[in-house]
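Now for the letters of each chain:
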Amino acid sequence: MMTPSLSQASLFNLIDQLPKAELHVHIEGTLEPELLFELAKRNQITLPYADIDALRAAYDFQHLQSFLDLYYAGAAVLCSEQDFFDLTWAYLSRAHADHVVHAEIFFDPQTHTARGIPFETVYNGISRALKQAQYQWGLTSKLILCFLRHLPEQDGFEALQQAMPYLAGLDGVGLDSSEAGHPPHKFIRLFEHCRSLGLPVVAHAGEEGPPDYVTEALDLLHCQRIDHGVRSLEDPLLVQRLIAQAVPLTVCPLSNIRLKVFNTMSDHPLKTMLNLGLKVTINSDDPAYFGGYINDNFKACVAALPLTMHDIITLARNSIYASWLPDNIKKNPFATYSRP
Ligand code: ADE
Ligand code: ZN
């Protein structure tokens, strides 16, 4: 039977209504310029920007590193537990408005501990907001500690040591920051140790780095999902493997355009990936820096690519399937999450 094609307005409406999971969002990347200025004032930090507009104007990135330089500088306004709570609460409120029912959130403790902020301060602020969102809206979450790959593996072991008292509140580990020149094999021992602690692992791979990094993330780090993974398409054998093994890819379309991985959204391979049968999900990565939250990402794709109603439902379904939610919810997500 032919599926009726919907107008763009109807597809946008469907996107707004569909329950979905967000699986790739860096909490530090949700720091909107308004909150950044407020926290700088609260913590008596002088910013090198006259106002919010001047800061926004600086968000003109040439590649991943030019973004990361600003992202790490921005994170320096986060000092107290309340700051981390306010940051996380602002993201969760925005995600709830987009009908995100479950969020798996990255945080970068090394960025903060290197400035003298205790791990405990970061963790307590974030986790208090996560608990409140579950209590208030039933919005569930997982917290993923990301290691910074531009630093030595030994620094990662030290970060893990600081996290050990909070292990019960951590749901997994990831690998982020500057990809090129920092292949997954640099972190084999650290990830092996994390897995021995019972932590599931994910890694950014194939964002700017080559398809080989995706293969390494699977074979050497034993990742359950690949964050980004868009450059996998350059290796047909890898694509066949990702399809056969149903490896989820947490794709971040607006991020890919803002970081010039692809020139325009019409050049983005999301539709090709769906047609190939890859387990693709849509996510916002660093929404405060890349111009939109999860539904903005869905809508930017619909506006530029020939996505159907079926594609949008598949993307939402994939997000639940690829999450670390329990199996009973995964089997019937739309029954669990339909709004009254
Ligand atoms: N940290 C925050 N956003 C990132 C991205 N898109 N890639 C790698 N590391 C990141
Ligand atoms: Zn990311």
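Summarised in this report is the structure supplied together with it. Treat the numbers as computed from the prediction; the structure is a model and nothing was measured. (Residues numbered from 1 in each chain as written. Chains lettered and ligands numbered in written order. Predicted model: local features only at pLDDT ≥ 70, side-chain atom pairs only at ≥ 80, totals over all residues. Heavy atoms only, no water.)

1. Quick notes on unusual backbone geometry
To keep it simple, the criterion reads: Strands are runs of DSSP state E lasting at least two residues, helices are runs of H or I lasting at least four, and both sets are numbered from the N terminus onward. Each residue is assigned to one of three classes by its accessible area relative to the maximum for its type, calculated with a 1.4 Å probe on protein chains only: buried under 20%, partly exposed between the two thresholds, exposed over 50%.
One non-glycine residue, His99, lies in positive phi territory at about 60°. Relative to the helices and strands, His99 resides in the loop between helix 5 (81–97) and strand 2 (100–107). Taking relative accessible area as the criterion, His99 reaches 4% and is therefore assigned buried. At Ala246, a residue that is not glycine, the phi angle is positive and equals roughly 50°. Mapping Ala246 onto the fold places it in the loop between helix 11 (236–244) and strand 7 (248–251). On the basis of relative accessibility, which here comes to 22%, the residue Ala246 falls in the partly exposed class.

2. Considering the sheet that holds strand 7
Our working rule: Two strands are said to pair when DSSP picks up at least two bridges between them. Angular values range over 0 to 180 degrees, each being the angle between N-to-C directions of two axes fitted as lines to C-alpha atoms, with helices fitted over their stretch in contact.
Read from one edge of the open sheet, four strands run 5-6-7-8, paired in parallel fashion. Each having just a single partner strand, strand 5 (202–205) and strand 8 (279–282) make up the two edges of the open sheet. Taken pair by pair, the neighbouring strands of this sheet meet at an average axis angle of 30°, ignoring direction. The pairing of strand 7 with strand 8 spans four bridges and is classified as parallel. Within strand 8, the residue paired with Val251 across the bridge is Ile282.

3. Quick notes on helix 11
Rules: Directions from the helix axis toward the C-beta atoms define the arc. Two residues form a contact once any of their heavy atoms are found within 4.5 Å. The definition of a polar contact used here is a pair of N or O atoms within 3.5 Å, where within protein one atom must be able to donate a hydrogen and the other to accept one, and adjacent residues in sequence count solely through side-chain atom pairs.
The set of residues buried in helix 11 consists of Leu238, Val239 and Leu242. Seen along its axis, helix 11 keeps its buried residues to an arc of 100°; they face one direction. Away from its buried face by more than 90 degrees, helix 11 exposes Pro236, Leu237 and Ala244. Looking at the buried residues of helix 11, the elements they touch are helix 10 (211–219), strand 7 and helix 13 (270–276). Of the residues flanking the start of helix 11, the one acting as N-cap is Asp235, its side-chain oxygen 3.0 Å from the backbone nitrogen of Leu237.

Read these as layout, nothing more, since geometry by itself doesn't imply function.
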